[in-house]
Structures are given as C-alpha cells and as structure tokens.
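Tertiary structure, described
If you want the building blocks of each chain, they are given just below.
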Amino acid sequence: MTLFLLLVIAAIVLGLIGAVAEGLFYLLIIGIVVFLAALIYLGMHLRRSGRRHRGVLR
C-alpha cells in the first residue's frame, strides 16, 4: 500500500508541474501514466490479497 501512495503522490506532483510550467506538458503525460500504473498496481494487489482463503474451522 505504501508503494501505491508513493506512486499517487509522484503522479500528482508531476501532473501539477506539467500543468503549471510552460513547456513541460510531457510531465503531465508522465504523471498520468504513473497514476494509471498506480491504479493497475492497486488492482493487482487487491485481487491477489482477496484470494487468501482460510480453512473451515470445526
């Protein structure tokens, strides 16, 4: 989960710099790509953690 938060923060920072600074539009694109990678990572992490089945207690 820490990696996900780090990727989201990096995406926000890159996106803000890319949107505000003139001529650095490519940083906005990189920020969007990093954000999408973070969402994919989160989806894979949640899917993997959801498959843990515990034995039936008797």
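Now for a look at the structure at hand.

What counts, and at which threshold
Residues numbered from 1 in each chain as written. Predicted model: local features only at pLDDT ≥ 70, side-chain atom pairs only at ≥ 80, totals over all residues. Heavy atoms only, no water. Helix = DSSP H or I, 4+ residues; strand = E, 2+ residues; numbered from the N terminus. Buried < 20%, exposed > 50% of the residue type's maximum accessible area, 1.4 Å probe, protein only. Areas by Shrake-Rupley, 256 points an atom, 1.4 Å probe, with all protein chains shown as cover. Axes fitted to C-alpha atoms, helices over the stretch in contact; angles between N-to-C directions. Parallel < 35°, antiparallel > 145°, perpendicular 65-115°, else oblique. Left-handed = near helix turned anticlockwise from the far one by under 90°. Contact = heavy atoms within 4.5 Å. Nonpolar A, V, L, I, M, F, W, Y, C, P; charged D, E, K, R; others polar. Expected span 1.5 Å × (residues − 1).

**With respect to the overall build of the protein chain**
Across its full length, the protein chain carries 2 helices and 0 strands. The buried share among the 58 residues of the protein chain stands at 16%. When the accessible surface of the protein chain is split by element, carbon and sulfur atoms take 72% of a total near 5000 Å².

**Some remarks on the packing of helix H1 (residues 2-20) against helix H2 (residues 25-49)**
At a minimum axis separation of 7 Å, H1 and H2 run at an interaxial angle of 160°. It follows that H1 is roughly antiparallel to H2 by the angle criterion. Crossing of H1 against H2: the hand is left-handed. Residue-level inspection shows Leu3, Phe4, Leu7, Val8, Ala11, Leu14, Gly15, Ile17, Gly18 and Ala19 of H1 in contact with H2, the latter providing Phe25, Leu27, Leu28, Ile30, Gly31, Val34, Phe35, Ala38, Leu39, Tyr41 and Leu42. Broken down by class, the residue content of the contact of H1 with H2 amounts to 18 nonpolar, 3 polar and no charged.

**Some thoughts on the environment of Ala37**
Its location among the elements puts Ala37 in helix H2. In this structure Ala37 comes out as partly exposed when scored by relative accessible area, which is 37%. Separated by 29 residues in sequence, Ala37 and Val8 have C-alpha atoms that sit 9.2 Å apart.

**Some words on H1**
In this model H1 runs 27 Å from its N-terminal to its C-terminal C-alpha over 19 residues, within 8% of the 27 Å that 1.5 Å per residue would give. For H1, the elements touching its buried residues are H2.

**Some words on H2**
Between its first and last C-alpha atoms H2 spans 36 Å; for 25 residues at 1.5 Å apiece the expected length is 36 Å, and the two agree. Turning to H2, its buried residues are Leu27, Gly31, Ala38 and Leu42. Against H1 lie the buried residues of H2.

**As for the environment of Ala10**
Along the chain, Ala10 turns up in helix H1. Sequence spacing of Ala10 and Val34 is 24 residues, and the spatial spacing of their C-alpha atoms is 7.6 Å.

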